[in-house]
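So the chains spell out like this:
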Amino acid sequence: MSWNSSGGWGQGRGRGRGQGRGYGGGGGGGRGFGRCGVFGGASLKVPTPSPGGVRVVASVEGDAGLESAVSMVAARSPFIAVVDIVDRRPVYVGVFPNPAAGGGGAGRIFAELVLSLGASVVVVPQLGTNALSMLSGLRVEMVPPGTRLSDVLRRLGLLG
């Protein structure tokens, strides 16, 4: 059983009206780890991605916004940065403690978190094959640890 985005417990893969990708879909009708699911929006208080923009999720070492450094590890990084970019300008920047950092299955939990947040770009130092396969279809950028997030986004052509 898993908590679904409609506010109820569900079993199996969902087929309801929620917008997330994941598990759930019980009586409430949602699709699990959607924007307000267990790993994403509700606990991290992240707004809906900006229309016409790009949402970037990055594994970072500290809570310094765009000045945060990319972490040495992806799934077990101490923080997750969420950046919404529209017209090469940041319209939202949030840094949160990483709920996937502890315990087993961190790669899977991290990938579910990224999907629940609606990311289109993921910035990490490296990523395991399971998490990478879960994130197929997203732009995954592997960059050297310690690089400032703002520098990465400029190099990728996302920030002006």
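First, a word on scope: everything that follows refers to the structure included in this document. Every chain is numbered independently, its residues counted from 1 as its sequence is written. Residue-level local features of this predicted model are given only where pLDDT is at least 70; pairs of side-chain atoms are given and counted only at 80 or more, and the full residue set underlies all totals for whole chains, interfaces and linings. Values reported for side chains reflect all heavy atoms of the structure, with hydrogen atoms and water molecules removed beforehand.

### Some details on the overall build of the protein chain
Step number 1: For helices the rule is a DSSP run of H or I covering at least 4 residues; for strands it is a run of E covering at least 2, with both sets numbered from the N terminus onward. From N to C terminus, the protein chain includes 4 helices and 7 strands.
Step number 2: When the helices and strands of the protein chain are listed from N to C terminus, the series reads β-β-α-β-β-β-α-β-α-β-α.
Step number 3: Evaluated residue by residue, the protein chain yields a buried proportion of 47% over its 160 residues.
Step number 4: A 1.4 Å probe and the Shrake-Rupley method give the accessible areas. Residues count as covered only by the protein chains that appear here. Of the roughly 7,500 Å² of accessible surface on the protein chain, 53% is carried by carbon and sulfur atoms. Three exposure classes are used, based on accessible area relative to the maximum for each residue type with a 1.4 Å probe and protein chains only: buried under 20%, partly exposed in between, and exposed over 50%.

### Comments concerning the sheet that holds strand 5 (residues 89-97)
Step number 1: Strand order in the open sheet made by the 5 strands is 5-4-3-6-7, with mixed pairing throughout. Looking at the sheet topology across the chains shown, the edges are occupied by strand 5 and strand 7 (139-142). With strand direction ignored, the average angle separating the axes of adjacent strands in the sheet is 20°.
Step number 2: Note: two strands are recorded as paired if DSSP finds a minimum of 2 bridges between them. Where strand 3 (residues 54-60) and strand 6 (residues 121-124) come together, 3 bridges link them in parallel fashion. From the neighbouring strand, Val 57 faces strand 6, where its bridge partner is Val 122. Where helices are involved, their axes are fitted lines through C-alpha atoms of the stretch in contact, as for all axes, and angles between N-to-C directions lie from 0 to 180°.

### Regarding the pattern of salt bridges
Pairs can form between side chains of opposite charge once their charged atoms are near each other.
Step number 1: The term salt bridge refers to a side-chain nitrogen of Lys or Arg lying within 4 Å of a carboxyl oxygen of Asp or Glu. In total, this model carries 6 salt bridges according to the counting rule given.
Step number 2: Two residues, Glu 112 and Arg 108, come together in a salt bridge whose shortest N-O distance is 3.2 Å. Pair noted here: Glu 112 and Arg 108 are both in helix 2 (residues 106-116), with a separation of 4 residues, about one helical turn.
Step number 3: Note on Glu 112: relative accessible area 3%, which makes it buried.
Step number 4: Among the residues examined, Arg 108 registers a relative accessible area of 40% and is labelled partly exposed.
Step number 5: Between Arg 148 and Asp 151 there is a salt bridge, with its nearest N and O atoms 3.0 Å apart.

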